Structures are given as C-alpha cells and as structure tokens.
Amino acid sequence: MTCSEVRPFLGAFVDNELELRQALEIEAHVRTCASCRAEEAELRALSEAARAHLSRFLPAPALEARVRAALGSPPARRRAAWAWGAAAAAAAAALLLFFLARPAARSGDELAVIDAHSRALLAQHLTDVESSDQHTVKPWFQGKLPYGVPAASFPDAGFPLIGGRLDVLAGRPVAVLVYRRRNHTIDAFVWPEAEPRAVEASRERGYALLSWGQDGLGWWLCSDAAPDDLRALQALLAAAP
Ligand SMILES: [Zn+2]
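The structure displayed is predicted, hence computed values, not measured ones.

1. Remarks on the overall build of the protein chain
Turning to step 1, where the next piece is worked out: A count of helices and strands for the protein chain gives nine helices and seven strands.
Turning to step 2, where the next piece is worked out: For the protein chain, with 241 residues in total, the buried portion stands at 34%.
Turning to step 3, where the next piece is worked out: Summarising the internal contacts of the protein chain: among those between residues at least 6 apart in sequence, 56% fall at separations of at least 24.
Turning to step 4, where the next piece is worked out: Carbon together with sulfur atoms contributes 58% to the accessible area of the protein chain, which is approximately 14200 Å² in total.

This is how it looks when you write it as structure tokens:
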C-alpha cells in the first residue's frame, strides 16, 4: 500500500473499525513508514484526548429533569412556533443525553478477545490440545493455569468441544475452550473473576461477542457465528455442572 492509499483509512484504523485484513495491511505500512506513523500517533492522541474529555462530562440531573419537563409539556397554541423550537431543542438534548449516558462501546477485554480470536484463526492455531473429551481437555490445563477450567462438550445440542488452548490476554495467561458450530468456530475465553456479571452481547469488527461472569469465572465468547448461536452456547455453559 502507498501512503495515499493508507491515509484515508488511518482514522478508522485507529478506532479499530477496519476489517482484519485491511487493518493488517495498514499496520504493515505504518510499521515501515515514518510519516504515516507520525500521522497515526497524532490521530491516537486526538482520539484519546476526546475520549478522556467525554468521559468526564456527565450531564447534571437537573438537565435531565428539564429535558423531560420540556418533552412532557404540550406546546401552547399562541406560541406554537416557539414551542416547536423548544421541543426540537429538547429532543436534541435528549439525544445528546442518550449518547453521553451510553456505556463505552468497547472495553479493553473485548478488543483483546477479538485480537486473540483473529490471531488464532489467522495462524490456524486454534487448539493446543485437540479433543472433544473433557477428561482430556480439563486436566491439560492443570498446572498451566492457576485456576480450574471447566470443559464441557455439548455434541447433542450442536456445540461439540474440539479442544482447548492457552492464550495471553493483556499479559495474563488464559484458557480458551474451542467449540464448533456447523462451519464456525466459537472461542470461549475463561478466567477468574470474583464478581458475577449479567450476560452482555455486542458486535465488533464482524465478530459476535457475549460475556458474563458466574461462579468465580468470567467468560467471553467470540465468533463469526450468529449471535443466537452464542446465546445458545452461553445457556449451555451457564447450566453445565
Ligand atoms: Zn506512508
């Protein structure tokens, strides 16, 4: 890729919005091109500054009350034009509130999980231990990780376990259980997490993700399978003994 091909995509690259192949091409160029690297650094600094600034801006409770009051009050007839203007402003403010109140779209864990999943797919190294037998997979992790890894297989439900692998996420070694769903691979990352968490689904870079915390373990499912498939596997894993 040339600089002029790379530049229009640098913003999306910095925001992790590109397809994997495209992101890798841009990454390869940026690594060898000092001028695009400088541009990338500038964009990253800008995006971090914007994020830091936005996260500090919390709307005051009084603002929400005013927006609700404005939306709830019917426009008076003789001041219809003014009222419509106020309603439009209130709607815009409500929209702004919605965006500001939204939780961060991506957590660090989410991006680390996607990176690890796509790395394994690219390197065609999905499993360190290849087996559908939990009595093979479960003990394989023993001694390699400081926590116990459940390794249930659900062939009858259409989610056979095909094996497991060790991965490193943000500097810590974690277990990955690898499930097959028709032609798709589902990675189930699992690590110790004291606090239980409700199930949360998301989509990022073409992958479906699902995460929750239960029984001292935090789970992340990542796959190009349908989000419903991830929900089905989640239900099976959550109910497994
Ligand atoms: Zn360049």
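2. Focus: the coordination of the zinc ion
Turning to step 1, where the next piece is worked out: The zinc ion binds to the protein through C3 (SG), H29 (NE2), C33 (SG) and C36 (SG), with metal-donor distances spanning 2.0 to 2.3 Å.
Turning to step 2, where the next piece is worked out: Around the zinc ion, the four donor atoms are arranged such that angles at the metal cover 99 to 116°; this shape is classified as tetrahedral.
Turning to step 3, where the next piece is worked out: In the primary sequence, the donor residues of the zinc ion line up as C-x25-H-x3-C-x2-C.
Turning to step 4, where the next piece is worked out: The class for H29 is buried, based on a relative accessible area of 11%.

3. A look at the sheet that holds strand 1 (residues 129-130)
Strands belonging to one sheet form pairs held by backbone hydrogen bonds; the direction of such a pair is parallel or antiparallel.
Turning to step 1, where the next piece is worked out: The antiparallel open sheet is built from seven strands, whose spatial order is 1-2-3-4-7-6-5. Each edge of the open sheet carries a strand with a single partner, namely strand 1 and strand 5 (197-204).
Turning to step 2, where the next piece is worked out: As defined by bridge partners, strand 6 (residues 207-214) adjoins strand 7 (residues 217-223) across seven bridges and the pair is classed as antiparallel. Within the sheet, the bridge partner assigned to W212 lies in strand 7 and is W219.
Turning to step 3, where the next piece is worked out: This element, helix 8 (residues 134-141), spans strand 1, strand 2 (161-169) and strand 3 (172-181) of the sheet and lies at about 15° to strand 2.
Turning to step 4, where the next piece is worked out: Each of strand 3, strand 4 (184-192), strand 5, strand 6 and strand 7 touches helix 9 (residues 227-239); the most contacted strand, strand 6, lies at about 20° to it.

4. Section: the confidence of the model for the protein chain
Turning to step 1, where the next piece is worked out: Of all residues in the protein chain, 80% have pLDDT values of 70 or greater, and the mean over the chain is 83.
Turning to step 2, where the next piece is worked out: Per-element confidence in the protein chain is highest for helix 9, whose mean pLDDT is 96, and lowest for helix 6 (residues 80-101), whose mean pLDDT is 58.
Turning to step 3, where the next piece is worked out: Confidence over residues 74-79 falls short of pLDDT 50; this stretch has two contacts with residues more than four positions distant or in other chains.
Turning to step 4, where the next piece is worked out: This stretch, residues 98-106, has a pLDDT under 50; its non-local contacts, to residues over four places away or in other chains, come to nine contacts.

5. Focus: the nonpolar core
Turning to step 1, where the next piece is worked out: One finds L177, Y179, F189 and L221 to be the most contacted residues of the largest nonpolar core, which totals 44 residues.
Turning to step 2, where the next piece is worked out: Listing elements by their share of this core, those giving two or more residues are helix 7 (108-122), helix 8, strand 2, strand 3, strand 4, strand 6, strand 7 and helix 9.
Turning to step 3, where the next piece is worked out: Sort the elements by how many residues they give to this core and strand 3 lands first, with six residues.
Turning to step 4, where the next piece is worked out: Ignoring any residue separated from it by four or fewer positions in sequence, one finds L221 in contact with I186, D187, A188, A208, L209, L210, W212, L230, L233, Q234 and L237.
Turning to step 5, where the next piece is worked out: Counting residues in each nonpolar core, the second largest holds nine residues, with V6, F13, L18 and C33 among its members.

Rules used throughout
For every chain, the first residue of the written sequence is number 1, and numbering continues from 1 along that sequence. Only residues with pLDDT of 70 or above have their local features reported here, since the model is predicted, and side-chain atom pairs are shown and tallied only from 80 upward, although totals for entire chains, interfaces and linings are computed over all residues. For side-chain calculations, the full set of non-hydrogen atoms in the structure is used, while hydrogens and water are omitted. Numbering goes from the N terminus for both helices and strands, where a helix is a DSSP run of H or I of at least four residues and a strand is a run of E of at least two. Note on exposure labels: buried denotes an accessible area under 20% of the residue type's maximum, exposed denotes more than 50%, and partly exposed covers the range between, all computed with a 1.4 Å probe on protein chains only. The contact criterion used is simple: two residues touch if any of their non-hydrogen atoms lie within 4.5 Å. Method for areas: the Shrake-Rupley scheme with a 1.4 Å probe, in which residue coverage is limited to the protein chains shown. Donor atoms are limited to N, O and S found within 2.8 Å of the metal ion, a distance that becomes 3.2 Å for Na, K and Ca. With water left out, some sites might look partial. Only four donors with every angle between 85 and 135 degrees are called tetrahedral; only four or six donors with opposite donors over 155 degrees apart and all others between 65 and 115 are called square planar or octahedral, in that order; all others are irregular. By definition, two strands form a pair when at least two bridges between them are found by DSSP. A fitted line through C-alpha atoms represents every axis, and for helices the fit uses only the stretch in contact; the resulting angles, taken between N-to-C directions, go from 0 to 180 degrees. As a per-residue measure, pLDDT reflects the predictor's confidence and takes values from 0 up to 100. Working definition of a nonpolar core: buried Ala, Val, Leu, Ile, Met, Phe, Trp, Tyr and Cys residues. They are joined through side-chain atoms within 4.5 Å.

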